Amino acid sequence: MTFDSFVNNLDKKLALPLPGHESHKKMMHLERLLTKIEPNNFTRKSAVLVVFYPDNDQIHLPLILRPAYDGKHGGQMALPGGKMELVDENLTRTALREAQEEIGIKAIDVKILGELTEIFIPVSNFSVKPFVGFLDYKPDFFPDQREVEKIFEVSFHSFVNQKELVYKPIKIASNLVEVPGYEIHDQWVWGATALIIHELIEVFNKEL
């Protein structure tokens, strides 16, 4: 599949009804499935960007490794993104601005194809809106050293070709929980990022 045909195909599929929360549930651990915590007046809005680009006849996207810190998501693999600021007229702008700040891509060059289902993250009380876009060239990356430990350029098909979910024990609160995720570049992709990737794969695999 050429990059252009991939983009055209994904553009059409993102316009169809999304797999939504039923897709997300397949990547949630038991405690997350059973939680009664709901969004509230203090829930903060945020957005992330899945941005595809061509590289050596393959379709890639960047993932970032967050630096280790005491916060809820320190040391985790993630998509570029962050919280909505007053300067952002909408969440699309949030996703583009944060991606430019964190990994150095040119936001003005990104063409947005569509969006995925919003995800609520109880542990940090964030609501995350994923946007999907593309660059028609391989970008140069410039990681923000405060927010990005490392950028991983990942082939999208390395996710698609993982036929079975891998489970790992993760300490959540005081409990050790078996969590589904993806092993990519010797890193563990789980949580909201895995939910987003899983829904995207289901969109990609849809029949038109």
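Keep in mind that what you see is a predicted model, and the values were worked out from it rather than measured. (Residues numbered from 1 in each chain as written. Predicted model: local features only at pLDDT ≥ 70, side-chain atom pairs only at ≥ 80, totals over all residues. Heavy atoms only, no water.)

A. Highlighting unusual backbone geometry. For N56, which is not glycine, the phi dihedral falls at a positive 50 degrees. Of note, N56 is situated in the loop between β1 (44-55) and β2 (58-65). Residue D186 is not a glycine yet carries a positive backbone phi of 60 degrees. Judged by its relative accessible area of 83%, D186 is exposed. (Helix = DSSP H or I, 4+ residues; strand = E, 2+ residues; numbered from the N terminus. Buried < 20%, exposed > 50% of the residue type's maximum accessible area, 1.4 Å probe, protein only.)

B. Region of interest: helix α1 (residues 3-14). The end-to-end C-alpha distance of α1 is 16 Å, a good match for the 16 Å that 12 residues give at a rise of 1.5 Å each. Buried positions along α1 lie against β1, β2, β5 (111-115), β7 (126-134), α5 (156-160) and α6 (192-204). (Expected span 1.5 Å × (residues − 1). Contact = heavy atoms within 4.5 Å.)

C. The arrangement of the sheet that holds strand β10 (residues 175-184) in detail. Taken together, 3 strands build an open sheet; the order of strands is β9-β10-β11 and the sheet is antiparallel. The sheet terminates laterally at β9 (166-172) and β11 (187-189), the two strands that pair on one side only. In this sheet, adjacent strand axes meet at a mean angle of 60 degrees when their direction is disregarded. Pairing geometry for β9 and β10, over 7 bridges, is antiparallel. Each residue of the ladder has a partner; that of I170, found in β10, is V177. (Pairing = 2+ DSSP bridges. Axes fitted to C-alpha atoms, helices over the stretch in contact; angles between N-to-C directions.)

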